[in-house]
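Summary of structural features
For reference, the chains in residue letters:
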Amino acid sequence: MTTSQFFISAWSGNPWVIAGCAAALLMGGARFRPPTAWLLLATAVFFVTLCSPLDALADGYLFSAHMLQHLLLLLIVPLLILLGWSGRTAPQDLENGRWRWANWILRPPVATWLMGVGGMWLWHAPTLCNAAGSNVWVHHLQSASLLGMGLAFWWPIIGPRTGQRLAPPAGMIYLFTACLGCTLLGIIITFSPVEVCSIYLHPLDRLGILPLIQDQWGLTPAKDQQLGGLLMWVPACLIYFFGILGLLVRWYREPGPESAPAAATQPTLIEKPHGL
Amino acid sequence: MAKSYIPVFDPASAHTEAISHLFILVLVVCAIILLIVSGIVAIGLIRFRQRPGSGDPPPHFGNRKLELLWTIGPTLIVIWLFVLTARGMHESDPVPPPNQEPDLVIIGHQFWWEVRYPKAGVITANEIHLPTGAKWLVRMESADVIHDFWMPELARKIQLIPGQTNHIWLDAKKPGRFLGNCVEYCGVGHAWMRAVVVMESPDEFAAWLREQQKSAPPPVTDSARNGWKVFTTQTCVNCHSIRGVSAASLGAAPDLTHLADRSILGAGVLANSTTNLFRWLKNPQAIKPGCLMPNLKLTDAQAGALTGYLEHHP
Amino acid sequence: MSVTVSTAPAVATPPTEVKLRGPYGWVATVDHKRIGILYLLTTLFFFLVGGVEALLMRIQLARPNNTFISPDAFGQLFTMHGTTMIFLVVMPTLIGLANYLVPLMIGARDMAFPRLNALGFWMLPFGGFLLHYSLLAGGAPAVGWFSYAPLSETAYAATAGTDYWGLALLVIGIGSVAASINLIATILTLRAPGLTLRRLPLFVWMVFINSFLVILALPFLNAAIVMLFIDRHLGTHFFVPAHGGSAVMWQHFFWAFGHPEVYIMVLPAFGIISEIVPVFARRPIFGYEFVAGSTVAIALLSFGVWAHHMFAVGLGHPMDMFFSATSLLIAVPTGIKVFAWSATLWGGSIRLTTAMLFAVAFLIQFTIGGLSGITFAVVPIDWQVTGTYYLVAHFHYVLFGGTFFAVLAAVYYWFPKMSGRMLSEKLGKLNFWMAVIGFNTAFFVQHFLGLMGMPRRVYTYADLPGWGLLNLISTLGAFLLGLSVLILLWNIIISLRRGRLAGDNPWQAWTLEWAATSPPPQQNFDRVPPINSRRPLWDLAHPENPDPAVGGRRSRDGFVLEKNRVGMVTFLVSESCFFLMLILAWLFYNSRAMTGPSPAGTLNAHKTGMYTICLLTSSAAIWLAEKQLRAGRHGWFRGLLGLTILLGGIFIFGQGREYLRIYHQGIVVSSNLFTTTFFTLTGFHGLHVCVGLILLLLLMRLSLAGDFKPGRIEAVKSISLYWHFVDAVWIVVFSVVYLKLLL
């Protein structure tokens, strides 16, 4: 099979994914008429992540493809969803409705940070990584949890409740430390001689594409792990990087909080100093 | 470097040609950017020079559109450069197929290059002969510290790192004699760790290789025997090998088989001639300070005999 | 969001400085202005030393096959020149300028920690002394300023020079980190009312961001040097490939520091130019937000580009490509700045004073250096030109033609403020033209030498066509440059005596330092002008046309921070980076197969687990102690503090027993890479615990002396934070080493 043949043919139609996309579009369409471009993009990326040839590659063939899926599910799709949500009316449910319990996880930045960074680390523990690769239910759990944890992670930065958002300087520290977290993981995976996810060491060639991957693309298991680690590291950090830049833009645009009335500790002088 | 002034822009192989073209393209882009910036600055300095009696101009804080332009524009240029980079890397340094046996092995030492032709069983030093029109896979290793092999007309540079093997391709389209250097500071003798690559026609190369494969014959004439005696009794044999005569117990120095055929001595510090070899043998430290060959305090007679032996008996 | 408030006053308590006269006054000073000047004088001295080293090399290189200097001496010269210029000149000059200017520019009396400031300064001459002492102790270091392993190991670098190199850098590093912690705390906590972070002068903003780079990057260097020391003196093999170590690891560790380091050397220079160009173009900087934002972008990206120094190592195409992408990307924020400065000139009313001339030269020269840098980011080009004189030309263009010219601009701009007198413009212009011509003559031709095949760090070269001529031209340019430095010195000397009196604001500039007298009094300001925008003095001079009030009138930042806490947190962030490197080393070496002692066979996780519980309990104890002190119950405070010390002591005792048990099995630090990384990691942690115990004992002593009765608990809070940090690090170390997490 050639590369182009593979990329045309390897699409699948996972019923859960399709149902999820449909539900998102419907809910989004119901609440925000018409559904925003961000939401459409989010749905499209979600679909591509789990139903395109990328999924075929991640399903036992390439560790790096698996990493790319993680990145998309944890960092990109939730970000797109929240971008589509922000600027619209915030859900009242979160204040005093059925979803009030979510405040426990969404309010403290430490909790959401741990979910975002922890989610990345958790699913790379060799046992969990292998389980997700071999058991389809664990795989579904993995995808759903990554999505959920990603939403939690981005909530203090770009969540719809602007009052709950972190102030930009704190937000920048939040994202910077998250970047450090994924850098550390990325470095360990890139340079480790040990296989992180051993099921990728000897892929089961269900689709007959192993020669394509290993010979034509040159992705041996060692190179594949290195590439996976690099993906975890550089593109992920670039996402955080652009997030920080976005926060900088927001910071410089905001009007500041008004100062307390004159309780100044230093007298200020109105007369002109010399030299002007 | 003997022929061309600027070897980086005088490529002799397809690989360095790809680099040279890319380099020129990038330099043109850089020159344009420099001209724009210098132009703005120069014209600005002249046009907006302070006129006597004028006060401060009204404050102007920026122009969002312009700033976005000079953010997005360079980003696009940089993305384009990255694409060129990826393609250039593939063209100039193709990844060797896994498990391909190298055609040539170069091992870096302080301060010389050990050169092995594994398939022909030839070991030599500092001077490499290769046939034109063929791509040779070269494996790079180091016996001590980090070195860096660089032949600007022929290939990218690559570090020789102890504990690691690296690979590059060496090839040339036309015959020629190319000079290279060690490019990673490796100690006192670094400046004189030179290499020569001779690219010759396949026939000439085959002939050279055949000659190299021959072992040195035992000494016949008296003078040769004198020289051979000096070689074997004055500790030379501990470090230097001559195939057919002796294998060095330490193997820490260049193989001297067919020394007479080489064009350089001491990894490029001297051209190969009887006078130079004599000078070298009398006091290598004076010629190449820091080289690991000690001054053996040979008498003139001993040095003379040794020179005769090495230069006239391959 | 939580806010840290304490009972300490918002302004730094003025140091009780006795009026000391003469030289002793300078030695004992804690006044940031004097310390700043001391920095500048010291770096000027080392600049002359490094310059002489450079000129000696250029004499040797002026002709092919020259024998003026032996290769061994040459190796020492280029190592000393690089080390001196980077660590003893450029970095401290920028720190010294920041020291002098930042408190003035933010309307503060002094730095947040004046005594720490003095300590940081004295590390500089001490480090310089250590480095140069090597000349008397067997020879200066001769393995290059980045000391690649295994050349820097004892097998190949037998003299103590490399050890003095490492020691000097560790000492100077302490000074740099101390200064940066001080700057961060000062800028975050001592700004005058109305000076929000978004209104900071760009010099202050860039110094602020730069300080984060320093505290994060220098620990990487410290870890690498420490590991090299242990190799050299305890027989271990971190970087010795023949025994399982990795030479490439040194390169990664070093350049992880080395690349942020070059941005550390250039960001404050960007700040200087961002102050000077607007003043002499008589316009505010074009696009403040983009310039400030691009600084953050550069700082972030600078940690992700280091392996572009290693494109020739053979890391593999994927790795090379990722680092090429980030290296190309970092050109964008740098370009934003260059365009902003150029646009500031446009439409202005430009006064070409000497300071402005140097700033303009910076603009062009830095652009040249930056563009040659872009050529390096294109990997195949790097494969040709790295390690050659093209590279030497590149870094001299950015560091000398860039940073140093910015420093010269700063000297001409701020000398009047520091001394009260103007430098001579005539001599200044002579200085400028000699410097520009000399610099470009010396270094532009080196681009060609690199393309012609000349490697760097060679003491001589063969008589190939063109090499001799270009080298000679370069040498002549270098000497002209050297002469221009003498003109500068002369200018400074005579202007100190006979220069025109400057007045408060000779340049009609707009930032706060120009509201103080020249030179400023010890307390800097009696009163600070009202601050509503980024140019307070412009607003005062032009009340009919003030600058827009950034962030609304009379605004403040949304947080209040306490300086001791900021200082301690910053310090702990820095220490985390150090431990991070040791943990990475552990993970790297222990993930490979090796012979000899193994964790499973050597370590006792259960016993150590018990001692770990002691340590963690001690954290709880000191937390409770803090609460008791706050409630005023001093007896309880002392009791719980004592418990903390006891539990910490038990932990150290346990560690000691573990070490002894292992030692009795015949296992030492050099047995294999497991033992090496084990002892290094746990050893440094133990050292931090011991330091913590000493601090706690000091607290106990202070408490017994009644020092905390009036409610001053800042010291306690800071030290307890340190103690918690030490425990947190141990949790990670224990998990990774004893519980084999991540392996």
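Fair warning: this is a prediction, and the values are worked out from it, not measured in the lab.

**Digging into the packing of helix H3 (residues 37–51) of chain A against helix H5 (residues 63–85) of chain A**
Residue and element names in this part refer to chain A. Between H3 and H5, the shortest axis-to-axis distance is 8 Å and the interhelical angle comes to 165°. On the basis of the axis angle, H3 is roughly antiparallel to H5. Along this stretch, H3 crosses H5, giving a crossing that reads as left-handed. From H3, Trp38, Leu41, Ala42, Val45, Phe46, Thr49 and Leu50 reach across to H5, where they touch Gln69, Leu72, Leu73, Ile76, Val77, Leu80, Ile81, Leu83 and Gly84.

**Some points on the domain arrangement of chain B**
Along its sequence, chain B is organised into domain 1 (1–45 + 70–92), domain 2 (104–201) and domain 3 (222–310). Relative placement of domain 1 of chain B and domain 3 of chain B: their C-alpha centres are 47 Å apart.

**Section: the domain arrangement of chain C**
By the assigned domains, chain C splits into domain 1 (34–265), domain 2 (272–287 + 332–520) and domain 3 (601–742). Computed from C-alpha coordinates alone, the two centres of domain 2 of chain C and domain 3 of chain C are separated by 50 Å.

**What to know about the side chain of Ser372 of chain C**
All names here are of chain C. Here Ser372 is to be found in helix H12 (residues 354–377). With a relative accessible area of 6%, Ser372 lands in the buried category. Of the polar contacts made by the side chain of Ser372, one reaches the side chain of His394; its length is 2.9 Å. Each residue touching Ser372, except ones within four places of it in the same chain, is listed here: Tyr390, His394 and His447.

**Some thoughts on the pattern of salt bridges**
Residues and elements named next belong to chain C. Scanning all chains against the criterion turns up 19 salt bridges over all chains. Measuring nitrogen to oxygen at the nearest pair gives 3.3 Å for the salt bridge that ties Glu425 to Lys429. Placement of the pair is Glu425 and Lys429 together in helix H15 (residues 425–451), with a separation of four residues, close to one helical turn. Using a relative accessible area of 30% as the deciding quantity, one classes Lys429 as partly exposed.

**Side note on the interface of chain C and chain B**
Taken together, the contact between chain C and chain B spans 96 residues of the former and 86 residues of the latter. Summed over both sides, the interface between chain C and chain B buries roughly 7600 Å², with carbon and sulfur atoms accounting for 72% of that surface. Between the two partners, chain C and chain B, sit two salt bridges. Among the ionic pairs, Glu289 of chain C bridges to Arg64 of chain B, the shortest N-O distance being 3.6 Å. The interface formed by chain C and chain B includes 17 residue pairs in polar contact (both at pLDDT 80 or more). Going through the elements one at a time, helix H3 (71–105), helix H7 (247–264), helix H9 (288–301), helix H10 (317–329), helix H11 (331–345), H12, helix H13 (379–385) and H15 of chain C are the ones with two or more residues in the side of chain C that touches chain B. A per-class count over the side of chain C that touches chain B returns 62 nonpolar, 23 polar and 11 charged.

**Re the sheet that holds strand E6 (residues 147–150) of chain B**
Residue and element names in this part refer to chain B. Across the sheet, which stays open at both edges, the five strands sit in the order E4-E10-E9-E6-E7 with mixed pairing between neighbours. Across the chains shown, the open sheet's two edge strands, defined by having one partner strand only, are strand E4 (127–131) and strand E7 (158–160). Ignoring strand direction, the axes of neighbouring strands in this sheet form an average angle of 25°. Relative to strand E10 (residues 194–200), E4 runs parallel, the two being bridged by five bridges. Opposite Ile128, over in E10, you have Val197 as the bridge partner.

**Some points on the confidence of the model for chain C**
All names here are of chain C. Looking at chain C as a whole, its pLDDT mean stands at 93, while 97% of the residues score no less than 70. For residues 1–13, every residue scores under 50 in pLDDT, and the model assigns this stretch 20 contacts once sequence neighbours within four places are set aside. In the predicted complex, the global pTM is 0.92; the interface-specific ipTM is 0.95.

Rules and cut-offs
- Residues numbered from 1 in each chain as written.
- Chains lettered and ligands numbered in written order.
- Predicted model: local features only at pLDDT ≥ 70, side-chain atom pairs only at ≥ 80, totals over all residues.
- Heavy atoms only, no water.
- Axes fitted to C-alpha atoms, helices over the stretch in contact; angles between N-to-C directions.
- Helix = DSSP H or I, 4+ residues; strand = E, 2+ residues; numbered from the N terminus.
- Parallel < 35°, antiparallel > 145°, perpendicular 65-115°, else oblique.
- Left-handed = near helix turned anticlockwise from the far one by under 90°.
- Contact = heavy atoms within 4.5 Å.
- Domains from an automatic or database assignment.
- Buried < 20%, exposed > 50% of the residue type's maximum accessible area, 1.4 Å probe, protein only.
- Polar contact = N/O pair within 3.5 Å; in protein donor to acceptor, adjacent residues only side chain to side chain.
- Salt bridge = Lys/Arg side-chain N within 4 Å of Asp/Glu carboxyl O.
- Buried area = accessible area lost by both parts, 1.4 Å probe.
- Nonpolar A, V, L, I, M, F, W, Y, C, P; charged D, E, K, R; others polar.
- Pairing = 2+ DSSP bridges.
- pLDDT = per-residue confidence, 0-100.

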